[in-house]
Amino acid sequence: YSMSAAPSVGIRLASLADIEAIRAIRNEGIADRCATLDEQPHSFDDVRRWLVSRDPGHPAFVVHDDGGAVLGFASLNEFNPRFCYRYVAEISCYISRSNRGRGLGTALVRHLADTALGLGYHKLVLTALASNTASQRLYARLGFRTVGRFTEQGMVDGVWVDTVVMDALLPLPEGPSPAERRSITLNSQPARSGSPSGRQATVT
C-alpha cells in the first residue's frame, strides 16, 4: 500500500472527549456514501450512546496527530450474540475525508487485529459497500478475503445497493515493510483487559 510521509501519530482508546470528532468523521462517511448504508447524520447523543455502551471486549480507538486532533476511529464490535460466535468480532473503521490515503486506516485495522488477538478472538469479519473498491483493496492487502456478496442488502438514496463480506483469521499476515513503517510513527495504547464474550451491538 502507499503511505505518504506524515507527522507522528498515535492510537489510543476513544474517550468521551472524542465524541464530536467521531461524529464529524462518521457523518463524512455517510455524506460521501462510501462507508455505510446509513443515510441520516448521527447526532452527538447517538455517538455518545454508542461510545458509553462499549465494553472491554469491544473497544473503540482513535488515531490522532501530535496535537491531539482525531483523524479517524475504529472499533471491535459484536458479530453475533450467540455464545458459539464469541471468538469472532466484526470491525469498523472510518478516516476523516482529508486524511484518507495516508495509511491511517491500515494502522487502525492492524491495531484492531492485534487487540483482538490479545482479547482471545480467532477471526475478524467486516461488511463493505460493494462500490467501495478502495476499502476492499486495503483489507485484501491486510490479509482479508472476500467470502460473499449480499445482493440489494440496503437502499441508499432510493437505490438498492450490494454489500461485500470479508474475513481474516488472526493473526493477520506479516505487516508493512521497514520502509513503510518508517513513513509513519505510531504510539499505540493497548485496550483494557477483557473477554471477547462481552456484548456490544454492531455498528456499521
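Small disclaimer: the values here were computed from a predicted structure and weren't measured.

Caption draft 1: Focus on the overall build of the protein. Scanning the protein for helices and strands turns up five helices and eight strands. Looking at the protein as a whole, 45% of its 204 residues qualify as buried. Counting contacts in the protein only where the partners sit at least 6 residues apart, residues at least 24 apart contribute 70% of the total. Put simply, the protein shows about 10000 Å² of open surface, and 53% of that area lies on carbon and sulfur atoms.

Caption draft 2: Molecular detail of helix 1 (residues 19–31). Here helix 1 contains 13 residues, and its C-alpha end-to-end distance of 18 Å stays within 8% of the 18 Å for a straight helix at 1.5 Å per residue. Within the sequence span of helix 1, burial applies to I19, I22, I25, R26, N27, G29 and I30. Among the residues trailing helix 1, R33 stands out with phi positive, at a value near 55 degrees.

Caption draft 3: Representation of the pattern of salt bridges within the structure. Tallied over the entire structure, the rule returns 10 salt bridges. Of the charged contacts, one joins R49 and D46 as a salt bridge, the two residues approaching to 2.7 Å between their closest N and O atoms. Taken together, the residues span about one helical turn, with R49 and D46 both in helix 2 (residues 44–52) at a distance of three residues. With its nearest N and O atoms 3.0 Å apart, the salt bridge here joins R149 to D162. Linking R149 in strand 6 (residues 145–156) with D162 in strand 7 (residues 159–169), this pair joins segments that are 13 residues apart in sequence. According to the relative accessible area criterion, R149 is exposed, its value standing at 54%.

Caption draft 4: Looking closely at the nonpolar core. L76, I91, L108, L124, Y139 and F144 are the most contacted members of the largest nonpolar core, which totals 33 residues. Taken together, the elements giving at least two residues each to this core come down to strand 1 (9–13), strand 2 (60–65), strand 3 (70–78), strand 4 (88–95), helix 3 (104–118), strand 5 (123–129) and strand 7. In terms of residues, this core owes the most to one element, helix 3, which gives seven residues. Counting residues in hydrophobic clusters, the runner-up holds 12 residues, among them A14, I25, A60 and V70.

Caption draft 5: Local environment of the environment of E152. Topologically, E152 is positioned in strand 6. C-alpha of E152 to C-alpha of D162: the two residues are 10 residues apart in sequence and 4.7 Å apart in space.

Caption draft 6: Local environment of the environment of P59. Within the secondary structure layout, P59 lies in the loop between helix 2 and strand 2. On a C-alpha basis, the gap between P59 and A14 in space is 8.0 Å, while along the polypeptide they are 45 residues apart.

Caption draft 7: Quick look at the pairing of strand 7. In this sheet, strand 7 lies alongside strand 5 in antiparallel orientation, the contact comprising seven bridges. For L126, the partnering residue across the bridge sits in strand 7 and is M166. Looking at chain direction, strand 6 and strand 7 are connected through eight bridges and run antiparallel. Each residue of the ladder has a partner; that of R145, found in strand 7, is D167. Two successive antiparallel strands, strand 6 and strand 7, enclose a turn made up of two residues, where D157 displays a positive phi of approximately 55 degrees.

Caption draft 8: Representation of the pairing of strand 5. For strand 5, a buried count of five out of seven residues is recorded, marking the element as mostly surrounded by other parts of the structure. As judged from the three bridges shared by strand 4 and strand 5, these two strands associate in the parallel manner. In the sheet register, A89 faces strand 5, and the bridge partner there is L124. Once you follow strand 4 into helix 3 and on to strand 5, the crossover reads as right-handed.

What counts, and at which threshold
- Residues numbered from 1 in each chain as written.
- Predicted model: local features only at pLDDT ≥ 70, side-chain atom pairs only at ≥ 80, totals over all residues.
- Heavy atoms only, no water.
- Helix = DSSP H or I, 4+ residues; strand = E, 2+ residues; numbered from the N terminus.
- Buried < 20%, exposed > 50% of the residue type's maximum accessible area, 1.4 Å probe, protein only.
- Contact = heavy atoms within 4.5 Å.
- Areas by Shrake-Rupley, 256 points an atom, 1.4 Å probe, with all protein chains shown as cover.
- Expected span 1.5 Å × (residues − 1).
- Salt bridge = Lys/Arg side-chain N within 4 Å of Asp/Glu carboxyl O.
- Core = buried A, V, L, I, M, F, W, Y, C linked by side-chain atoms within 4.5 Å.
- Pairing = 2+ DSSP bridges.
- Right-handed = clockwise from strand over helix to strand, strands pointing away.

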